[in-house]
Amino acid sequence: MQATTFQYQNLRGRSFKGQDLSGQDFSGADIRGANFTNATLVGANFSQTKAGLRRRVAIALVALALFLAILSGFMSGYGAGVIASLIALGNKLNPHSFPSGVVALTLLGVFTAITFRKGLASAGGTAVSIAVIAALFAAIASQEVAVVALVQTIGIVSAVAGVMVGALAVALMLVMIATRALVIMAILAVLSAAVGTQFGIAGIESDQIFVIACVVAGAIALVMLCLSGYTGWRAWKGSRRYTLLRSLAVAISTQGTMFRGANLTNGDFTGAILKNTDFRGATLTRTCWFQAKQLEQGRLEGTYLDDAAIRQLVVTKDGREQNFDYCNLRGVNLQDANLIDISLIGADLSEATLQNADLSRGKLVQTQLYRANLTDTCLTGAYIQDWGISTDTCMEEVKCEYIYMQLPTKDDPDPCRKPDNRQETFKDGDFSDFMAPILKTLGLYRQQNVDPRAIAHTFKTLDLYHHQGIDPAAAAIALKQLSQQYPEAGLEVVALEGRGREKIRLQAVVTDAVDRSQLSARYFATYDEIKELSYRDIQTLLTEIAQKDERIRSLEQMVKTAIDSNKFYVETYYNLGDTVSEKSSINIEGSTVSGLVQGNITDVSGVVNLGAISGDVTNAIGQLPSSDEPDQPGLKELLTQLQGAIEAETQLSQEDKAEALEQLKVLAEAGQKPQDAPLKKMANTAVKVLKGTIASLSEATNLVEICGKLLPIITKVLGLP
C-alpha cells in the first residue's frame with residue numbers, strides 16, 4: 001500500500017477493518033473507537049496515540065456502572081433488612097425467627113471470609129447453596145419452619161447478589177478510570193441501601209423493634225457495601241482471586257479501539273494510551289510496548305500481554321534480577337532492555353528481538369532463541385548451557401567479554417568459563433568467531449533433522465585464542481608439553497579454526513577435574529617462551545620431540561593448514577596422550593558442511609585428487625561380495641550405482657564430490673567388516689554427511705533422487721540405526 005501519514009489526525013470511530021496498512025504512521029493520532037479488526041499493520045507506528053472509548057460510549061458505560069451501584073445498594077439493603085427483621089422480631093411472631101436470623105448472619109460471615117480467601121465466585125456459590133439447601137430441608141419439616149427458611153434464603157441471596165453487582169460496578173468504573181464518579185457511586189449506593197432496608201423491614205409495628213431492626217440492617221448493609229467496594233478494587237488491581245470479575249468488567253468496558261485479529265508484527269505503541277482496547281487474537285510479534293499506558297485495561301486474552309509480569313516487562317523493558325523461567329516470551333520486543341541478572345531458564349524467546357539489550361549475567365539455560373535477534377546484545381557473564389539457537393538466530397556484533405557454558409550446580413560447581421583463562425576476555429569479534437562453528441554445525445544438524453540439544457557434549461573444552469598471529473611449530477610444541485605436564489587433563493585437540501594468519505583458535509577436550517584457566521595460562525606461557533627462541537632452536541626442539549612422537553609434525557601441519565584456509569575441524573581427530581583416538585572430523589568450509597572420516601593429514605590439506613579418490617573407492621567397493629540374485633542388488637551394486645551418480649552430478653563441486661566419495665569408501669569398508677562396531681559408527685556418520693552434502697541441491701537433480709532411493713536401502717543392509 002502506498003505510504004500514507006495519519007499523524008496527529010482525529011480518527012475517532014473510523015473503520016479500517018481488513019485493510020492493508022503496513023508501514024503506516026499513526027503517531028500522535030486520536031484512534032478512540034477506531035476499528036482495525038483483521039487489518040494488516042506490519043511495521044505500523046502507533047506511538048503516542050490515544051486509544052479507548054468514544055465520549056458517548058464512555059458516558060453510557062458510566063451510567064451503567066451507576067445503575068449497577070444503585071441496584072447493588074438496594075439489594076444489599078433489602079437483604080440486610082430481611083435478616084435484621086428475623087433477629088429483631090425474636091420469637092414474637094414465629095419461634096424460629098431468631099435462630100434463622102442468626103444462621104443467616106453467620107452465613108454472611110462465612111461468605112465474607114471465603115470472599116477474602118478464595119474469591120467472590122466461590123463465596124457466593126457456597127453461601128447461596130447452603131441457604132437453598134437449608135430452605136429445602138426446612139420445607140420438609142413444617143409450615144412455620146418453611147416460611148422462616150424461605151425468608152432467610154431471600155435475605156441471604158439478596159445480600160450476596162448485592163455484593164456481586166456492587167463489585168462489578170466498582171470494577172467497571174475503575175477499569176474506565178472514571179475515579180471522579182466513584183464518589184457519586186458511593187452516595188447513590190448508600191441511599192439505595194437505605195431505601196432497600198426500609199423495604200426489607202416493612203411490616204414491623206413496634207417502634208422499639210423497628211429501631212433495632214434499622215440499626216442491625218444498617219450495619220449489615222454497610223459491611224456488604226464495603227465488601228463489594230473492596231472486591232471491585234482488588235479485581236481492578238489484578239488479584240487472581242477475582243479474575244472472573246475483572247474479565248467481566250473489562251469485557252463490558254472494551255467497546256473502544258479494536259485490534260482484534262490484526263497483524264501488528266513489528267508495530268510500535270511507544271507511549272500510547274491503550275485503555276479499553278481489544279487485542280484478542282492479534283499477532284504481536286516484536287511489537288514495541290515501551291512506556292505504553294493503561295494496557296492492563298484492555299482485552300488481552302490469547303496474547304503474551306495477558307500475563308501481568310510479561311506485560312510489565314515489555315512496557316518497562318526492565319527485567320533486572322527477575323525470574324521468567326519457563327515463560328512463553330515468544331515474539332516479545334525487548335530491544336534496548338535492561339535484563340541484567342535475569343533468569344530465563346527454559347523460556348521460549350523464539351522470534352523475539354533482544355537487539356542492544358543487556359543480558360549480562362543472565363541465565364539462558366535451555367532458553368529457546370530460534371530466529372531471535374541478538375544484534376549488539378551484551379552477553380557478558382551469561383550462562384548459555386544447552387540454549388536453543390539456530391543458523392537464523394541473528395548474533396551480529398554481540399558484545400561479550402566472557403561467557404559461561406553451564407550453570408553451576410552442587411555436584412558440578414564449575415561454570416565452564418570461556419575464555420578459559422580467568423585473566424583474559426574475548427576481544428572484538430572473538431565471541432562471534434567462537435559461535436561460528438557451532439552455528440555452522442547446527443546447520444548440518446538441521447539438514448539431518450537432528451536436535452543438537454539431544455546430542456549435547458558432556459565433555460568440557462579448552463579454547464586457546466591466538467590474536468596476533470601464530471607460530472605453528474611453537475604451538476605444536478606448547479600443546480605437547482602441556483599434555484606432558486598435565487597428563488590427568490587427557491588433552492585431546494578436537495578443533496582448529498583459521499581466520500587468516502592473524503587469528504586462530506585451537507580447541508581441546510579435557511577432563512572435568514582440571515583447572516582450565518590454569519591450563520590456558522600455562523599453555524600461553526610456554527608458547528611465548530618457545531616463540532622467543534631462534535628458528536634453529538625451535539626446529540631442533542621439534543625434531544627431538546618428533547623422534548619420540550612423530551604426530552607432532554602432523555599437528556604442526558594442521559595448524560599451518562588452518563592458517564592458510566578458513567576451515568573448522570570438528571570432532572576428535574588428534575589425541576596428544578599416549579594413544580591415538582579414532583580419526584573423525586566434520587569439515588566446515590565457507591557455507592559448505594561436509595564430512596571427513598578416517599582420513600590422514602592430506603585429507604584436510606584442501607587439495608582434491610578426484611581420480612585417486614575415485615580409484616580408492618572403486619577398489620574398496622570391489623572387495624565386497626556380489627549379489628547372488630540379479631534382480632536384488634546387494635551392497636556392492638548399490639554403492640557402485642551411487643558412486644556413478646556422484647561422479648556424474650554436475651551441480652556438485654569437485655571438493656564435494658571428493659568428500660562424498662570418501663563417505664562411500666567408509667560404507668564399503670563397513671560392509672567388509674559388518675561386526676566392527678567402530679566402523680559401523682563411522683558408517684552411520686558417513687550416511688549423515690552424504691545427506692548433508694546433497695541437502696543444498698535441488699530436489700529435481702538426479703543425485704538427490706538416487707540418494708533418496710538408495711540410502712535407506714544401504715542403511716538397512718548395513719544394519720544402521
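Figured I'd write up the structure that's included with this text. Please read all numbers here as calculations on a predicted model, not as lab measurements. (Residues numbered from 1 in each chain as written. Predicted model: local features only at pLDDT ≥ 70, side-chain atom pairs only at ≥ 80, totals over all residues. Heavy atoms only, no water.)

## Overview of the overall build of the protein chain
When helices and strands are counted, the protein chain shows 18 helices and 9 strands. Going through the 721 residues of the protein chain one by one, you find that 51% of them count as buried. Of the contacts made within the protein chain by residues no fewer than 6 positions apart, 51% connect residues no fewer than 24 positions apart. Surface accessibility of the protein chain: about 32,900 Å² in total, with carbon and sulfur atoms responsible for 53%. (Helix = DSSP H or I, 4+ residues; strand = E, 2+ residues; numbered from the N terminus. Buried < 20%, exposed > 50% of the residue type's maximum accessible area, 1.4 Å probe, protein only. Contact = heavy atoms within 4.5 Å. Areas by Shrake-Rupley, 256 points an atom, 1.4 Å probe, with all protein chains shown as cover.)

## So, the nonpolar core
F36, L41, W289, L379, W387 and F431 are the most contacted members of the largest nonpolar core, which has 65 residues in total. Going through the elements one at a time, α8 (308-316) and α9 (430-447) are the ones with two or more residues in this core. Looking at this core element by element, the count peaks at 4 residues for α8. Apart from the residues within four sequence positions on either side, W289 is in contact with F269, L274, F279, L284, L295, Y304, L305, V314 and V315. Core analysis: the next-biggest nonpolar cluster, separate from the first, contains 42 residues, A84, L168, A221 and A235 among them. (Core = buried A, V, L, I, M, F, W, Y, C linked by side-chain atoms within 4.5 Å.)

## Some words on the environment of G708
In this structure, G708 sits in helix α18 (residues 702-718). Here G708 falls in the partly exposed class, since its relative accessible area comes to 49%.

## Topic: unusual backbone geometry
Cis peptide bonds are those with omega within 30 degrees of zero, and the linkage from K418 to P419 qualifies with -5°. By the secondary structure assignment, P419 is in the loop between β2 (417-418) and α9. Positive phi, close to 55°, is recorded for K317, a residue that is not glycine. If you trace the backbone, K317 turns up in the loop between α8 and β1 (403-404).

## As for helix α17 (residues 677-694)
For α17, built from 18 residues, the straight-helix expectation of 26 Å at 1.5 Å per residue is met to within 8% by its first-to-last C-alpha distance of 26 Å. L679, M682, A683, A686, V687, V689, L690, G692, T693 and I694 are the residues of α17 that are buried. (Expected span 1.5 Å × (residues − 1).)

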